[in-house]
Amino acid sequence: MNKKNDTNIPGRDVSEFQHLVADIFQCCQERLQYQSERFGLPDAELRCLMLFEGERYLTAKALAYRLNVAKSRVTKLVSSLVKRELLASMPDPADSRIKLLSLTPEGGRLLEKIGRFRFEVHQAVLEEFSDEQRGELLHALSLLSRHMKSVKDMMA
């Protein structure tokens with residue numbers, strides 16, 4: 001991997017970074033598990049449903065791409081969400097071979113509840129910081145996100 005500059009980062013810093021990222025990832029995984037249990041949906045179905053936020057219609061192909069799974073896996077997820085009456089499937093007026101998927105009213109209500117829950121969790125975390133710390137945290141996370149994306153792009 002190419003270095004952007006010639007700084008020599010101490011191994012203890014890299015180890016601490018790895019540990020912190022692992023801890024944050026574990027915490028997020030636990031929250032996702034709790035979220036799944038709270039809303040009575042397997043994680044994959046919940047993530048699929050959340051992709052409809054701000055979307056009127058999606059196709060199975062678009063869902064597969066966004067979830068990074070095979071179309072056959074999306075077909076099972078969609079089938080379960082349709083059976084639960086959270087998604088509706090209808091033919092595309094422009095191409096009857098394509099099915100358009102949309103939230104049902106019940107799916108919309110559930111998505112709103114999930115959104116409120118996620119907002120409240122993140123708000124509770126941010127309340128643990130002072131105003132100054134919160135600003136520093138958000139700035140640091142923004143930098144982290146940007147740099148992680150640039151390293152990911154270098155790996156591709």
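Only a predicted model underlies this, so the values are computations on that prediction, with no experimental measurement involved.

The next thing to look at is the overall build of the protein chain. Of regular secondary structure, the protein chain possesses six helices and two strands. Scanning the protein chain from its N terminus toward the C terminus, one meets helices and strands in the order α-α-α-α-β-β-α-α. Against the globule reference of 15 Å for 156 residues, the protein chain gives a C-alpha radius of gyration of 20 Å, more extended than a compact globule. Seen along its three principal axes, the alpha-carbon backbone of the protein chain occupies a region of about 60 × 35 × 25 Å. Residues counted as buried form 23% of the 156 residues belonging to the protein chain. Across the protein chain, contacts joining residues at least 24 apart in sequence account for 51% of those joining residues at least 6 apart.

With that out of the way, let us pick up the environment of Glu-106. Tracing the backbone through its elements, the reader meets Glu-106 in helix H5 (residues 105-126). Along the chain, Glu-106 and Ala-70 lie 36 residues apart, while their C-alpha atoms are 27 Å from each other. Once residues lying within four places of it in the same chain are set aside, the contact partners of Glu-106 are Glu-85 and Leu-86.

This paragraph deals with the pairing of strand E2 (residues 95-103). Bridging between strand E1 (residues 87-92) and E2 involves six bridges; their strand directions are antiparallel. Looking at the pairing, Ser-89 lines up with Leu-101 of E2.

Counting 24 residues, the largest nonpolar core has Leu-41, Leu-49, Leu-63, Val-74, Leu-110 and Ile-114 as the members making the most contacts within it. Mapped by element, the contributors of at least two residues to this core are helix H2 (43-50), helix H3 (60-67), helix H4 (71-83) and H5. Ranked by residues supplied to this core, first place goes to H2 with five residues. Those residues in contact with Leu-49 that lie beyond four places of it in its chain are Leu-41, Leu-81, Leu-86, Leu-87, Leu-103, Leu-110, Leu-111 and Ile-114.

On to a nonpolar patch on the surface. Among the surface-exposed residues, Val-151, Met-154 and Met-155 lie close enough to one another that they form a single nonpolar patch of about 270 Å² accessible area. Residue placement: Met-154 occurs in helix H6 (residues 131-155).

Where two aromatic rings form a pair, the distance of their centres and the angle of their planes describe that pair. Throughout the structure, instances matching the rule amount to two aromatic pairs. Between Tyr-34 and Phe-117 the ring centres are 5.8 Å apart and the planes differ by 35°, which places this aromatic pair in the tilted class. Residue Tyr-34 is located in helix H1 (residues 11-39), and its partner Phe-117 is located in helix H5; the two are separated by 83 residues in the primary sequence. The interplanar angle of 75° and the centroid separation of 5.8 Å between the aromatic rings of Phe-39 and Phe-117 together place this pair among those described as edge-to-face. Of this pair, Phe-39 sits in helix H1 while Phe-117 is found in helix H5, placing the two residues 78 residues apart along the sequence. Summarising the burial analysis for this pair, Phe-39 and Phe-117 share the class buried. Put simply, the rings of Tyr-34, Phe-39 and Phe-117 touch in pairs and so form one group of aromatic residues.

Analysis parameters
The numbers attached to residues start from 1 for each chain and follow its sequence in the written order. Given that this is a predicted model, residues contribute local features only at a pLDDT of at least 70 and side-chain atom pairs are listed and counted only at 80 or more, while totals for whole chains, interfaces and linings are drawn from all residues. No hydrogens and no water enter the side-chain calculation; it runs on all heavy atoms of the structure. Where helices and strands are cited, they refer to DSSP runs of H or I of at least four residues and of E of at least two residues respectively, numbered from the N terminus. We compute the radius of gyration from the C-alpha atoms alone; for a globule the expected value is 2.2 Å times N to the 0.38, where N is the number of residues. Exposure classes here rest on a 1.4 Å probe applied to the protein chains alone. A residue is buried below 20% of its type maximum, exposed above 50%, and partly exposed in between. In this analysis, two residues are considered to be in contact whenever any of their non-hydrogen atoms come within 4.5 Å of each other. Two strands pair if DSSP finds at least two bridges between them. For this analysis, a nonpolar core means a set of buried residues of the types Ala, Val, Leu, Ile, Met, Phe, Trp, Tyr and Cys, connected via side-chain atoms within 4.5 Å. The residues that make up patches have over 30% relative accessible area and no salt bridge, and they are joined within 9 Å when like-charged or within 5 Å when they are Val, Leu, Ile, Met, Phe, Trp or Tyr. To measure how exposed things are, a 1.4 Å probe is used in the Shrake-Rupley method; for residues, cover is taken only from the protein chains shown. Here, a salt bridge means any side-chain nitrogen of Lys or Arg that lies within 4 Å of a carboxyl oxygen of Asp or Glu. When two rings of Phe, Tyr or Trp (its six-membered ring) have centres within 6.5 Å they constitute a pair, described as stacked for plane angles under 30 degrees, edge-to-face for angles over 60, and tilted for the intermediate range.

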